[in-house]
Amino acid sequence: ARGKSRLLVPVCLSQVRDGCCCQPELNHVTCGSLVKLLNTRHNVRLHSHDVKYGSGSGQQSVTGVETAEDANSYWQIRGKPDRPCQRGSPIKCGQAVRITHMKTGRNLHSHHFSSPLSNNQEVSAFGENGQGDDLDVWTVQCDGVLWERDEAVRFKHVGTEVFLSVTGEQYGHPIRGQREVHGMSSPTQHSWWRTMEGVFIQPSMEPLRHDEL
């Protein structure tokens, strides 16, 4: 979570507390927000941890978990390396983003390796301190103009054109019960994701301040 503390103000928690609710503009997912992403078909949250794949690339594994409380399921929404987004700006449908694992600083990544259980395309977490390569970029596919917080969306990998998916295969030891996350060549009912718990960055009130994310 290095370098994340400066990103957390001003914020709006995803849950209503003390009778106060988020401002209307925070109905959208914004640049810099920390979120948990739920696969709506299998009811698991996108997750990672410092456990490497035993096959394929050998990079850090990405899985789906049923528990809602695990801090290893927080991801930060960021811009492309060559096109950072302004902190607090709404993410547009069709926008290219990086999805960075908060705890380890590695980016959601895919490449032409087979996933260990289903033989779909492997999805891993790659890079250091939020810096990886061009295979860390995904486009947000949604129906309107902006990514709505309560909307199910798809993530399409820019480099290989697969969709981030879960089809239910479960790992054994040492991550028993966690689901395989992989890339599939076509969009299906298994590739819908929705934001759940999170810290959503409000649009900055400071003119022209441009935090590169």
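Preceding this paragraph is the structure being described.
Keep in mind it's a predicted model, so treat the numbers as computed, not measured.

Visitor: Report on the pattern of salt bridges, specifying residues and quantitative values.
Guide: Taken as a whole and assessed by the stated rule, the structure comprises 5 salt bridges. As a salt-bridge pair, E197 and R45 come within 2.9 Å of each other at their nearest N and O atoms. Placement of E197 in strand β13 (residues 193–201) and of R45 in strand β3 (residues 44–52) is noted, with a sequence separation of 152 residues between them. On the basis of relative accessibility, which here comes to 7%, the residue R45 falls in the buried class. In this structure, the salt-bridge partner of E66 is R179, at a minimum N-O distance of 2.7 Å. Here E66, found in the loop between β4 (60–65) and β5 (75–78), pairs with R179, found in strand β12 (residues 179–184); they are 113 residues apart in sequence, far enough to count as distant.

Visitor: Account for the nonpolar core, with residues named and values stated.
Guide: Formed by 31 residues in total, the largest nonpolar core has its most connected members in L46, V62, L108, W147, F155 and L164. Residue assignment for this core shows that the elements contributing at least two residues are β2 (34–39), β3, β5, β6 (96–101), β8 (121–126), β9 (137–141), β11 (163–170) and β13.

Rules behind the numbers
Residues numbered from 1 in each chain as written. Predicted model: local features only at pLDDT ≥ 70, side-chain atom pairs only at ≥ 80, totals over all residues. Heavy atoms only, no water. Salt bridge = Lys/Arg side-chain N within 4 Å of Asp/Glu carboxyl O. Helix = DSSP H or I, 4+ residues; strand = E, 2+ residues; numbered from the N terminus. Buried < 20%, exposed > 50% of the residue type's maximum accessible area, 1.4 Å probe, protein only. Core = buried A, V, L, I, M, F, W, Y, C linked by side-chain atoms within 4.5 Å.

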